[in-house]
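# Descriptive analysis of the structure
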There are 2 protein chains.
Amino acid sequence: MQASAGGSGERLGAARPKQFCALQGRPLVSHTARALERISWISDIIVVVSLEHIETMKSIIQKYGHKRITVVEGGVTRHRSIFNGLKIFAENKLSNCPLQKPEVVIIHDAVRPFIEEDILLKVVKAAKDHGAAGAIRPLVSTVVASSADGCLDHSLERARYRASEMPQAFLFDIIYQAYHQCNDYDLDYGTECLHLALKYCKTKAKLIEGSPDLWKVTYKRDLYAAESIIKDNLSQQVCVITDMKGDAVQVGFLLHETLKSHIKQVKRISVSLCKDDNYMQNIILGQCYNFICMHVKKSAFQETQLVDILENANISTLYPVVLISVHLNVSENASFSSEMEDLNRIKEFAREVKKKNILVYGLLIHYNKDDPQLQETVNSAATIISALIKDRNPELIGQLLVA
Amino acid sequence: MQASAGGSGERLGAARPKQFCALQGRPLVSHTARALERISWISDIIVVVSLEHIETMKSIIQKYGHKRITVVEGGVTRHRSIFNGLKIFAENKLSNCPLQKPEVVIIHDAVRPFIEEDILLKVVKAAKDHGAAGAIRPLVSTVVASSADGCLDHSLERARYRASEMPQAFLFDIIYQAYHQCNDYDLDYGTECLHLALKYCKTKAKLIEGSPDLWKVTYKRDLYAAESIIKDNLSQQVCVITDMKGDAVQVGFLLHETLKSHIKQVKRISVSLCKDDNYMQNIILGQCYNFICMHVKKSAFQETQLVDILENANISTLYPVVLISVHLNVSENASFSSEMEDLNRIKEFAREVKKKNILVYGLLIHYNKDDPQLQETVNSAATIISALIKDRNPELIGQLLVA
């Protein structure tokens, strides 16, 4: 199985190739690699990059702990790069890493990070049946052909055509043979692997209708969209860790209930369970990237403990984790300078754990059990928490917000 | 000149048609209408909407003060809607609003809000010369045709084809004649106006290479992208209003200088100039949507005055305005409860002016003129200000952040 990561990013107008642009702090190619490597039946992932980016790619693999990835030097065109990737299996050049020739090979773009297992399964199954298969999407715009003078020659009937997207899958022998037989013109000017399989192996690829998620990050606006989608995905789940006693239990309960109308999945656990490694491991395996520590001031449970747990589980390696420290303030007589001290403590702590990709914010809830506006305060707290989780703004870490 | 706003939004997966989805609180169609109406040589804008959305559209026109717009009922397909729009000029149905038949008509989509004057000029000029013209873009994906069994029939050579985008422009008589002559099949299944002009009037449209901004908001990710682009555009300029005396002048100057490395255009004016209506009018006409009021505590200048100025100028009708109230704190002995009172004051004020689409945030800078870390504090302030402006988060209004 193979993923191609060629391309120079010139359309994006970015200084670096688009596959190396950061989304939530991590290069796009790493997001795509992650999407592929979490699928257990993909045995090997080949990333093809130009010579100048091989070291960058290797350091990305190391930094984010990618597995089963082999980096291969690309060619000057898309087809030449893919061909280089395929050769690894056929020619076994890498003496220290003999990859077995696969039955089926998937070809994918590094700039399509939102690839799901179901479409991969569909193209692989179809490739086994038909020799080749590829994802398609309806055309968004009409396609036109121009004459030599830059005027309309004819337009295509939109319904009869499709956009060819990725992933595509092939019986290895078919696509490898196609690349071996094709000429320099194909290698230099062609872009479509399905076309090569048709032309040189008479293999008519099965076309599989894919989801809109398959789109290719091409322009700057696509980076914006991808960033928003990732943030959206990360903000679906929150884990509330409470250490509430007496009256405060009520606020904890209220906040938990109110959060449910803002965030899809709200888990609530008590501090004692936090110390149970298995329990926390489950939460973390559930891909939770948002934690709320809720306690009356000077609680026994320290956010530092949670940070240790998160760090040991490598949870913040792939995505920034949001940690909101919610303080219930019951006294109103604290001096401003002692309050400032607390604030400085949060700021320093936030700055420290930012290095571990954990974003810490403080939230103060003034609590008076007889307050008729308690629900309103809790609503405000839930709104702020939800906004912090959805924004994941690294510049506002260490701030103490007030509900 | 005409803008079409048909389409049902089914591809977006949204509850309402995509042209009515909100971007920074305002419907997409209003952003597109604004882009067209600010161009003085466009005499009339026709918005075509389905019967059920006519009232919605009319209320949008009123709410956002759009000018030169006529709402027309659409048909069941794209072509029928456009035809309805064109009929307004030819048949003068509206007795109370006799629109003059134009020489050239522009056809545009409501879901392409980032339309610029230069491409409009180019297609209009080309339409005068050639009878028809349309914007095109390179294809992002290869286009394939499938055979009856869902397999690849052939793929098109990507370089020979282009995506047909909007805007398009036509000599009115040509496009109107084309619509009059075309058959029901065209009206029901066709999508391409350039094709009609070619087929029925033998007019070969000039194809004009457009910018990536012309893309069509089609999927949810496109809404995310559009939102980010608008935020990006809004955060290019900030106006710093200072009322600094004595030592504080130094901090004002430092902050102003530091902000320049975060925000493209930083204007600085003193409070006295604020009271000069002409001066403020210039700032506002310069499309500034971000204001920082900087003063030592208990200043004579109140943010309320600025809000009045903004309100009178209707500046926050089209986009939310960010107003950051920066307090220089020189004393450290204020009690916590008095500090809380200040916070509550900001919160209430923020809640109040939110109704006017003005987003207020507080920022506290602790200032001691001999502090060796002053530059660091100012850096922190600039980072927070820049983050608030870029995020424009309505849920964090009224918070008092600390640099």
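Residues numbered from 1 in each chain as written. Chains lettered and ligands numbered in written order. Predicted model: local features only at pLDDT ≥ 70, side-chain atom pairs only at ≥ 80, totals over all residues. Heavy atoms only, no water.

Of the regular secondary structure elements, chain A holds 14 helices and 17 strands. By residue count, 57% of the 403 residues in chain A fall in the buried class. For chain A, restricting intrachain contacts to residue pairs at least 6 apart in sequence, the fraction spanning at least 24 positions comes to 77%. Accessible surface for chain A amounts to roughly 17000 Å². Of this, 48% is attributable to carbon and sulfur atoms. (Helix = DSSP H or I, 4+ residues; strand = E, 2+ residues; numbered from the N terminus. Buried < 20%, exposed > 50% of the residue type's maximum accessible area, 1.4 Å probe, protein only. Contact = heavy atoms within 4.5 Å. Areas by Shrake-Rupley, 256 points an atom, 1.4 Å probe, with all protein chains shown as cover.)

Residue and element names in this part refer to chain B. Look at helix α5 (residues 172-181) against helix α7 (residues 193-201): their axes get within 9 Å of each other, and the N-to-C directions meet at 80°. Between α5 and α7, the angle is such that the two are roughly perpendicular. Within the contact between the two elements, α5 uses Ile-174, Ile-175, Gln-177, Ala-178, Tyr-179 and Gln-181 and α7 uses Cys-193, Leu-196, Ala-197, Tyr-200 and Cys-201. Each residue belonging to the contact of α5 with α7 can be placed in one class, and the counts come to nine nonpolar, two polar and no charged. (Axes fitted to C-alpha atoms, helices over the stretch in contact; angles between N-to-C directions. Parallel < 35°, antiparallel > 145°, perpendicular 65-115°, else oblique. Nonpolar A, V, L, I, M, F, W, Y, C, P; charged D, E, K, R; others polar.)

When the parts of a complex come together, some accessible area is lost, and that lost area is often used as the size of the interface. Each side of the interface is counted separately: chain B has 77 residues, and chain A has 77 residues. Regarding the contact of chain B and chain A, the summed buried area is about 6300 Å², with carbon and sulfur atoms giving 58% of it. Taken together, the links from chain B to chain A amount to zero salt bridges. Taken together, the connections running from chain B to chain A amount to 33 residue pairs in polar contact (both at pLDDT 80 or more). Counting residues per element, the side of chain B that touches chain A draws most heavily on helix α8 (residues 220-234) of chain B, which supplies seven residues. Looking at the side of chain B that touches chain A residue by residue, the class counts come to 35 nonpolar, 21 polar and 21 charged. (Buried area = accessible area lost by both parts, 1.4 Å probe. Salt bridge = Lys/Arg side-chain N within 4 Å of Asp/Glu carboxyl O. Polar contact = N/O pair within 3.5 Å; in protein donor to acceptor, adjacent residues only side chain to side chain.)

With that settled, the discussion passes to helix α2 (residues 54-63) of chain A. Residues and elements named next belong to chain A. Taken as a whole, α2 has its buried residues at Ile-54, Met-57, Ile-60 and Ile-61. In a view along the axis of α2, the buried residues occupy a sector of 125°, so they form one face of it. Exposed residues on α2 whose side chains face more than 90 degrees from its buried face are Glu-55, Gln-62 and Lys-63. Looking at the buried positions of α2, the neighbouring elements they touch are β3 (26-27), α1 (28-37), β4 (45-49) and β5 (69-73). Gly-65 sits one or two residues past α2 and shows a positive phi near 65°. (Arc of directions from axis to C-beta.)

Turning next to the pairing of strand β14 (residues 290-296) of chain B. Residues and elements named next belong to chain B. Across the seven residues that make up β14, a large majority, six, are buried. Here strand β12 (residues 237-243) runs beside β14; their pairing, made up of five bridges, is parallel. Note on β14: the bridge partner recorded for Val-240 is Ile-292. The pairing of β14 with strand β15 (residues 321-329) spans seven bridges and is classified as parallel. Bridge pairing in β15 links Ile-292 to Ile-324. (Pairing = 2+ DSSP bridges.)

Let us now look at the sheet that holds strand β15 (residues 321-329) of chain A. Strands in a sheet are paired, the pairing made by backbone hydrogen bonds, and the direction either parallel or antiparallel. Residues and elements named next belong to chain A. Pairing within the open sheet is parallel, and its six strands lie in the order β13-β12-β14-β15-β16-β17. In the strand order of this sheet, the two ends are held by β13 (265-270) and β17 (400-402), each with one partner. Sheet twist, expressed as the mean angle between neighbouring strand axes with direction ignored, is 25°. The strands touched by helix α14 (residues 374-391) are β12 (237-243), β14 (290-296), β15, β16 (358-366) and β17; relative to β16, the strand with the most contacts, the crossing angle is about 170°.

The subject of this paragraph is the relation of the copies chain B and chain A. Think of it as a corkscrew move, a rotation about one axis and a shift along it, taking one chain copy to the other. The operation relating chain B to chain A is a screw motion whose rotation component is 180°, with 0.0 Å of axial translation and a residual RMSD of 0.0 Å. The relationship between the two copies is best expressed as a two-fold rotation axis. With an isologous cut-off of 70% or more, the 100% of interface residues of chain B that recur at the interface of chain A puts this contact in the isologous class. (Least-squares fit on C-alpha atoms with pLDDT ≥ 70 in both.)

Residue and element names in this part refer to chain B. Residue placement: Lys-199 occurs in helix α7. In this structure the C-alpha to C-alpha distance between Lys-199 and Cys-182, which are 17 residues apart in sequence, comes to 8.6 Å. For Lys-199, the contacting residues outside a window of four places in its chain are Asn-183 and Asp-186.

The next subject is the confidence of the model for chain A. Per-chain confidence: chain A averages 88 in pLDDT, with 88% of residues scoring 70 or above. Note on residues 1-14 of chain A: pLDDT is under 50 here. Beyond four places in sequence and across chains, it has 60 contacts. (pLDDT = per-residue confidence, 0-100.)

Attention shifts here to helix α4 (residues 117-130) of chain A. Residues and elements named next belong to chain A. When the terminal C-alpha atoms of α4 are compared, their 20 Å separation across 14 residues agrees well with the 20 Å that a helix rising 1.5 Å per residue should span. Buried within α4 are the following residues: Ile-119, Leu-120, Val-123, Val-124, Ala-126 and Ala-127. Seen along its axis, α4 keeps its buried residues to an arc of 165°; they face one direction. Exposed positions of α4 whose direction lies more than 90 degrees from the buried face are Lys-125 and Asp-129. For α4, the secondary structure elements touched by its buried residues are α1, β6 (104-107), β7 (132-138), β10 (161-171) and β11 (206-209). Two residues or fewer past α4, Gly-131 is found with a positive phi of approximately 95°. (Expected span 1.5 Å × (residues − 1).)

Residue and element names in this part refer to chain B. Tracing the sequence through the fold places Arg-112 in the loop between β6 (104-107) and α4 (117-130). When its relative accessible area of 2% is taken as the criterion, Arg-112 is described as buried. Of note is the side chain of Arg-112, whose polar atom sits 2.8 Å from the backbone oxygen of Leu-214. The contacts of Arg-112, once residues within four sequence positions are left out, are Thr-32, Glu-165, Met-166, Leu-214, Trp-215 and Lys-216.

Below, the discussion takes up the sheet that holds β15(B). Residue and element names in this part refer to chain B. Across the sheet, six strands lie side by side as β13-β12-β14-β15-β16-β17; this open sheet has parallel pairing. If you trace the sheet from one side to the other, it starts and ends with β13 (265-270) and β17 (400-402), each paired once. Adjacent strand axes in the sheet meet at a mean angle of 25° when their direction is disregarded. Taken strand by strand, helix α9 (residues 248-259) contacts β12, β13, β14, β15 and β16 (358-366), and its axis lies near 160° from that of β13.

Opposite charge on two side chains allows them to pair when their charged atoms are near. For the structure shown, the criterion picks out 28 salt bridges over all chains. A salt bridge links A:Glu257 to A:Lys260; the nearest nitrogen and oxygen atoms lie 3.2 Å apart. When its relative accessible area of 43% is taken as the criterion, A:Lys260 is described as partly exposed. The salt bridge partner of B:Arg112 is B:Glu165, with a shortest N-O separation of 2.6 Å. Of this pair, B:Arg112 sits in the loop between β6 and α4 while B:Glu165 sits in strand β10 (residues 161-171), and the two are 53 residues apart along the sequence. Residue B:Glu165 is classed as buried on the basis of its relative accessible area of 9%. One continuous salt-bridge network, built from bridges that share partners, spans A:Arg78, A:Asp109, A:Arg112 and A:Glu165.

Turning our eyes to something else, we now look at the pairing of β10(A). Residue and element names in this part refer to chain A. Counting buried positions along β10 yields nine of 11 residues, so the element is predominantly enclosed. Two strands pair when backbone bridges link them, and β6 and β10 are joined in this way by four bridges, in the antiparallel orientation. By the bridge assignment, Val-104 is partnered in β10 with Leu-171. Here β7 pairs with β10 via six bridges, running antiparallel. What sits directly across from Pro-138, in β10, is Arg-162.

Quick look at the packing of aromatic side chains now. A complete count under the given rule lists 14 aromatic pairs over all chains for this structure. Here the aromatic rings of B:Phe83 and B:Tyr179 are separated by 5.4 Å at their centres, their planes lie at 20°, and the arrangement is stacked. Within this pair, whereas B:Phe83 is found in helix α3 (residues 78-91), its partner B:Tyr179 is found in helix α5, the two being separated by 96 residues in sequence. Both residues of the pair, B:Phe83 and B:Tyr179, belong to the buried class. Ring centres of B:Tyr185 and B:Tyr189 lie 4.9 Å apart, and the angle between their planes is 40°; this geometry places the pair in the tilted category. Of this pair, B:Tyr185 and B:Tyr189 are both found in helix α6 (residues 184-189), four residues apart, which corresponds to roughly one turn of the helix. Grouping aromatic residues by their ring pairs yields a cluster made of A:Phe83, A:Phe89, A:Phe172, A:Tyr176 and A:Tyr179. Its guanidinium or amino end placed over the ring of A:Tyr319, A:Arg26 lies 4.8 Å from that ring's centre, counting from NZ or CZ. Lying across the ring of B:Phe83, B:Lys87 places its NZ or CZ 4.4 Å from the centre. (Phe/Tyr/Trp six-rings, centres within 6.5 Å; stacked < 30°, edge-to-face > 60°. Lys NZ or Arg CZ within 6 Å of the ring centre and 35° of its normal.)

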